[in-house]
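Next come the chains, spelled out residue by residue.
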There are 2 protein chains.
Amino acid sequence: MNLKIDGKRLLKDFEELAEIGATIGGGVTRLALSNDDMAARAWFADRIEEAGLWVKDDEVGNLSGVLSCDNPEAKTLMVGSHLDTVPNGGRYDGAVGVLSGLECVRTIQEAGIKLNCNLEVINFTDEEGTWKSLLGAYGLIGKLTSEDINDSLQDNGAFRAALYRAGILPPEIPRAKRNPDDILGFLEVHIEQSNKLHSAGMDVGLVTSIVGRTTFNVTYYGEAAHAGTTTAEERRDALQGAAAFIILVHTVLNQEFEDGVVNCGHVNVQPDTFNVVPSQASLHVECRHPDTEKLQQMSSRVVRLAQDCAKDYRLSVGIDRVLHREAEQMSQALLDEFRSACDAEDAKHMPIISYAGHDAQIMNQITPSAMIFLPSVNGVSHNPKEFTEWHHVETGANVLLRTMLQIADAD
Amino acid sequence: MNLKIDGKRLLKDFEELAEIGATIGGGVTRLALSNDDMAARAWFADRIEEAGLWVKDDEVGNLSGVLSCDNPEAKTLMVGSHLDTVPNGGRYDGAVGVLSGLECVRTIQEAGIKLNCNLEVINFTDEEGTWKSLLGAYGLIGKLTSEDINDSLQDNGAFRAALYRAGILPPEIPRAKRNPDDILGFLEVHIEQSNKLHSAGMDVGLVTSIVGRTTFNVTYYGEAAHAGTTTAEERRDALQGAAAFIILVHTVLNQEFEDGVVNCGHVNVQPDTFNVVPSQASLHVECRHPDTEKLQQMSSRVVRLAQDCAKDYRLSVGIDRVLHREAEQMSQALLDEFRSACDAEDAKHMPIISYAGHDAQIMNQITPSAMIFLPSVNGVSHNPKEFTEWHHVETGANVLLRTMLQIADAD
């Protein structure tokens, strides 16, 4: 069979959706649970009903269109992504995954193909983390704790108000948990947020793994002293220790962990003035790696380097791990399906690692999951200039369609 | 003649003064223009009148006790320091200079010695910079501009209110300017704010020069990017540039400028979060050197190093000089007087550089000035634990007395 999606219809959806929360300069702002996010969900629900699919929503705000097969025992093959965006983000991130999923289910529905599984296209809540990164996906796999909803780092009152306004009742959220036995797998189409595919002239990236991430707060403690009368030898300068660490952690980790990335953000110095030797310097450091074990090694390296710098500058150091997300290896079986679909569609493909988090990373914890990336011109991401050539979006949708059919029949 | 000061009377003054603004733990808080600073001035004025000296105050709040000689044409030999302190500072910083000056003038007055010049012991306003560092001294030499009073970095409203409350009318301040022709010189006694004299077992330090100081704001500009999807090669990380600069500026300047000191304080990173590559990193760097030309070389070195780091990390950099104070060589003639006085008093002395600013540094711009330092145990400064053995204070006062007499007669 050589079924194809309707590129024009997909483009029409894409352009309509881009109008919701459109910003000057061609960007989009649809912050999770905002009015524009609500409008996008309503619009999505209308498309689902229009297609004669079943509108399904759960207790954490995930919104789906379902095509059921005749077998009441059948599992469900899920596809999708997210419709929310960062402030003034691009029109492709997330949207492409949800809309091509919808287009595929619609196409299969219209073709009247008999399937051995149900199909579900899902829009996950707050993937971008306006309130809580990957909220919907975590809720669906049953990993949301009350701490997540009462995160002290958030303005929790506003968060809860936003949840209630969106009809999400925190006490009900646990009921959003799905039974893994009911799910066949999860497929996600997403634009690449880097330049690898575009510069390599590829049509599709087969995501082999999604990086794990570990974040530390590192604080150096020295001694405040008169910046004029204290000799270089006498000083216990917390800022020099922090600076040495920032340089070292980049040099060493980039050297020792080819597939890893490291970043230092926020820096705070006490007392915050030019004529006193800093007694305290805090910073945030995060490392990412596609291999969980390597990520663990990176973390230990970060800790050792932080301690080395403390020793070198006669400081004490406090190191707190504030965030940890495991790396995920995508399902090899599903990747093979994606690959053969690419070949059948004459889509040039290459394996690629995702250095950003995605809903598929969370879904992978309860069901076989896989992703494909589409080329993003110059890799511009979270930016109105984000752009993917339309023929790549169509190719991606057709690869997804073919993959869904392969899996649905193979079952 | 072998005149000596009255150590008991000096100690009584010292202990009375230390009660004004006394803090728990033996410290003192007499912020310039505060109630406690006002109380200290009133107490000082009482001591001056008690001694039968003339109470003189000027338009910038400096308060003096004057002993006039018979010659109406005579110049004035000035001695003194400041009675204000930093928050919870020590009892010796500033106070020792004013009180030993008062004690010397009193002693000479009582001895009925005929002098060829007037003597004046002065308490300068806000040496510590609660509002404006060295305010009184700058006012006296006529170097206070209206910008100084309207410094945009200050809460100017509060500053002006404090000035008015202390009876200092900004429009009147220019009238505090003295005619250099009327001044013979200025002598200041101060505790050392470092450990050199104490560890060398000296009684007195002959201050050869006071460091100049240049302060820069350095801001690196890179490019904000996704901390996960941006490779190490692609990054233009402003924080890495700033960190490299912090390390380099300490290493290189300590290496190249033996008598110089450098300090980096305040650091600010934008966007201030761990998962975005920093697009901006600002910091303050200050360098001090006792030699004006060397200080100039240090400053140029700072600028070149800042630019080198910008190049190394593919960043642009903005460098603003925000403060510059010339280094001052103390008067050789007055230092010789101090030295011979030390010898006569059997006070072990050594030359020393002042790495902190002092009123003498400003006075030196209009009249020959010199300072002596007294040993500070462990060099503790701006701290309740600041301590100088009393016999050292007495020795310092007697050295000052002898020096004043030498100069007054020599004139």
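Sequence positions are assigned chain by chain, starting from 1 and proceeding in written order. Going through the entries in the order they are written, you letter the chains from A and number the ligands from 1. Totals for whole chains, interfaces and linings use all residues, but because this is a predicted model, local features are given only for residues with pLDDT of at least 70 and pairs of side-chain atoms are given and counted only at 80 or more. With hydrogens and water set aside, each side-chain value is computed from the structure's full complement of heavy atoms.

**A word on the overall build of chain A**
Put simply, the rule reads: Helix numbering and strand numbering both begin at the N terminus, where a helix is a DSSP run of H or I of at least 4 residues and a strand a DSSP run of E of at least 2. Each radius of gyration is computed over the set of C-alpha atoms, and the globule rule expresses the reference value as 2.2 Å times the number of residues to the power 0.38. Accessible area is worked out with a 1.4 Å probe on protein chains only. A residue is then buried under 20% of its type maximum, exposed over 50%, and partly exposed in between. We call two residues in contact when some of their heavy atoms are within 4.5 Å. Every accessible area reported is derived by Shrake-Rupley at a probe size of 1.4 Å, with residue values counting cover from the shown protein chains alone.
On a plain count of helices and strands, chain A comes out with twelve helices and 15 strands. Here chain A has a C-alpha radius of gyration of 24 Å; the compact-globule value for 411 residues is 22 Å, and the two agree. Dimensions of chain A, computed from C-alpha atoms along their principal axes, come out at roughly 85 × 45 × 45 Å. Counting over 411 residues, chain A shows a buried share of 58%. Considering only residue pairs separated by 6 or more positions, chain A has 79% of its internal contacts joining residues 24 or more positions apart. Accessible area of chain A: about 15600 Å², with a carbon and sulfur share of 48%.

**Let's talk about helix α8 (residues 238-256) of chain A**
All names here are of chain A. Filter applied, for reference: A helix is expected to span 1.5 Å multiplied by its residue count minus one. Polar contact criterion, stated in full: a pair of N or O atoms within 3.5 Å, where within protein one must be able to donate a hydrogen and the other to accept it, and residues adjacent in sequence count only if both atoms are side-chain atoms.
The end-to-end C-alpha separation of α8 is 26 Å, in line with the 27 Å expected for 19 residues at 1.5 Å each. Counting buried positions over the 19 residues of α8 gives 14, a clear majority of the element. A side-chain oxygen of the first residue of α8 lies 2.9 Å from the backbone nitrogen of Leu239; this N-cap is Asp237.

**Here we look at the interface of chain A and chain B**
Operational definition: Here's the idea: put two parts together, see how much 1.4 Å probe accessible area each one loses, and the total over both is what we call buried area. Salt bridges, as used here, are contacts in which a Lys or Arg side-chain nitrogen is within 4 Å of a carboxyl oxygen on Asp or Glu. Gly falls in the polar group here, along with every residue not listed as nonpolar (Ala, Val, Leu, Ile, Met, Phe, Trp, Tyr, Cys, Pro) or charged (Asp, Glu, Lys, Arg).
In this assembly, 45 residues from chain A lie in contact with 45 residues from chain B. Of the roughly 3500 Å² buried where chain A meets chain B, counting both sides, 58% is carbon and sulfur surface. Of all residues in chain A, the largest losses of buried area upon contact with chain B belong to Thr229, Asn263 and Phe274 of chain A, amounting jointly to 18% of the total for that side. Here chain A and chain B share zero salt bridges between them. Put simply, chain A and chain B have 14 residue pairs in polar contact (both at pLDDT 80 or more) between them. Looking at the side of chain A that touches chain B, the elements that each hand over two or more residues are β7 (212-221), α8, β9 (261-270), β10 (276-277) and β11 (280-289) of chain A. A breakdown of the residues in the side of chain A that touches chain B according to their chemical character gives 19 nonpolar, 18 polar and eight charged.

**Digging into the sheet that holds strand β11 (residues 280-289) of chain B**
Residue and element names in this part refer to chain B. Formally: Should DSSP find at least two bridges between two strands, the strands are taken to pair. In this description, a line fitted to the C-alpha atoms serves as the axis of each element, helices being fitted only across the stretch in contact, and the angle between N-to-C directions of two axes falls anywhere from 0 to 180 degrees.
In space, the four strands of this open sheet follow the order β9-β11-β7-β12, with antiparallel pairing throughout. Across the chains shown, the open sheet's two edge strands, defined by having one partner strand only, are β9 (261-270) and β12 (316-325). Across the sheet, the mean angle from the axis of one strand to that of its neighbour is 15°, orientation sign disregarded.

**A short note on the environment of Gly90 of chain B**
Residue and element names in this part refer to chain B. Mapped onto the elements, Gly90 comes out in the loop between β3 (76-81) and α3 (95-111). Residues Gly90 and Ala18, 72 residues apart in the sequence, show an inter-C-alpha distance of 9.0 Å. Leaving out residues up to four positions away in the same chain, Gly90 has contacts with Val28, Thr85, Asn383 and Glu386.

**Some words on the nonpolar core**
Rules: Here, nonpolar core refers to any group of buried Ala, Val, Leu, Ile, Met, Phe, Trp, Tyr and Cys residues whose side-chain atoms link them within 4.5 Å.
Judged by nonpolar contacts, the single largest core of 91 residues is most densely connected at Phe44, Ile108, Leu119, Leu187 and Met404 of chain B. With ten residues, the single largest contributor to this core is helix α12 (residues 390-410) of chain B. When residues no more than four places from it in sequence are discounted, the contact partners of Ile108 of chain B are Leu3, Leu67, Ile113, Leu115, Leu119, Leu401, Met404 and Leu405 of chain B. Of all hydrophobic cores here, the second largest spans 90 residues; its members include Leu140, Leu184, Ala397 and Leu400 of chain A.

**Details of the packing of aromatic side chains**
Residues and elements named next belong to chain A. Cut-off, in case you're wondering: Pairing of aromatic side chains requires ring centres within 6.5 Å, counting the rings of Phe and Tyr and the six-membered ring of Trp. Pairs whose planes differ by under 30 degrees are stacked, by over 60 edge-to-face, and all others tilted.
Scanning all chains against the criterion turns up twelve aromatic pairs over all chains. Judged by centre distance (4.8 Å) and plane angle (45°), the ring pair of Phe14 and Tyr92 falls under tilted. In this pair, Phe14 is assigned in helix α1 (residues 7-19) and Tyr92 in the loop between β3 (76-81) and α3 (95-111), connecting sequence segments 78 residues apart. Considered together, Phe14 and Tyr92 belong to a single accessibility category, that of buried residues. Aromatic rings pair up to connect Phe14, Tyr92, Phe387 and Trp390 into one cluster.

**So, the domain arrangement of chain A**
Residue and element names in this part refer to chain A. Note the following rule: Note: domain ranges come from an automatic or database domain assignment.
When its domains are assigned, chain A resolves into domain 1 (7-210 + 328-410) and domain 2 (212-325). For domain 1 versus domain 2, the distance between C-alpha centres works out to 37 Å. Counting residues at the interface gives eleven residues for domain 1, matched by eight residues for domain 2. Taking both sides of the interface into account, the surface hidden between domain 1 and domain 2 amounts to around 710 Å²; carbon and sulfur atoms contribute 45%. When the area that domain 1 buries against domain 2 is broken down by residue, the three leading residues are Ile353, Tyr355 and Gln361, summing to 53%. Linking domain 1 with domain 2 are zero salt bridges.

**Digging into the pattern of salt bridges**
Pairing is possible between side chains of opposite charge, provided their charged atoms come close. All names here are of chain B. Counted according to the given criterion, the structure contains 36 salt bridges over all chains. Across the pair Lys12 and Glu16 runs a salt bridge whose closest N-O atoms are separated by 2.8 Å. Of the two residues, Lys12 and Glu16 are both situated in helix α1 (residues 7-19); the distance of four residues between them amounts to about one turn of the helix. Judged by its relative accessible area of 30%, Glu16 is partly exposed.

**Brief notes about the relation of the copies chain A and chain B**
Operational definition: To superpose the copies, least squares is applied to the C-alpha atoms of every residue with a pLDDT of at least 70 in both.
In screw terms, the move from chain A to chain B is a rotation of 180° and a rise of 0.1 Å along the axis, fitting with an RMSD of 0.1 Å. Given the turn and translation reported, the copies of this chain are related as if by a two-fold rotation axis. If distances are taken from each C-alpha of chain A to the rotation axis, the shortest is found for Ala243 of chain A, at 2.2 Å. A symmetric contact is evident, with 100% of the interface residues of chain A recurring at the interface of chain B.

**Some details on the packing of α1 of chain B against helix α2 (residues 35-50) of chain B**
Residues and elements named next belong to chain B. Where we set the bar: Here is the rule for angles: anything less than 35 degrees is roughly parallel, anything more than 145 is roughly antiparallel, 65 through 115 is roughly perpendicular, and the remaining ranges are oblique. Here a crossing is taken to be left-handed if its near helix is turned anticlockwise relative to the far helix by less than a right angle, and right-handed if that turn runs clockwise.
Running from N to C, α1 and α2 cross one another at 155°; their axes reach a closest spacing of 10 Å. Taken together, the axis directions place α1 and α2 in an arrangement best described as roughly antiparallel. Pair α1 / α2 crosses with right-handed handedness. On α2, the residues touching Asp13, Glu16 and Leu17 of α1 are Ala40, Trp43 and Arg47.

**Regarding unusual backbone geometry**
For the peptide bond that leads from Gln270 of chain A to Pro271 of chain A, omega is -20°, which places it in the cis range. Following the sequence through the fold, Pro271 of chain A ends up in the loop between β9 and β10. Phi is positive for Asp346 of chain B, which is not a glycine, with a value near 55°. Note that Asp346 of chain B resides in the loop between α10 (332-344) and β14 (349-354). Given the relative accessible area of 69%, Asp346 of chain B is considered exposed.

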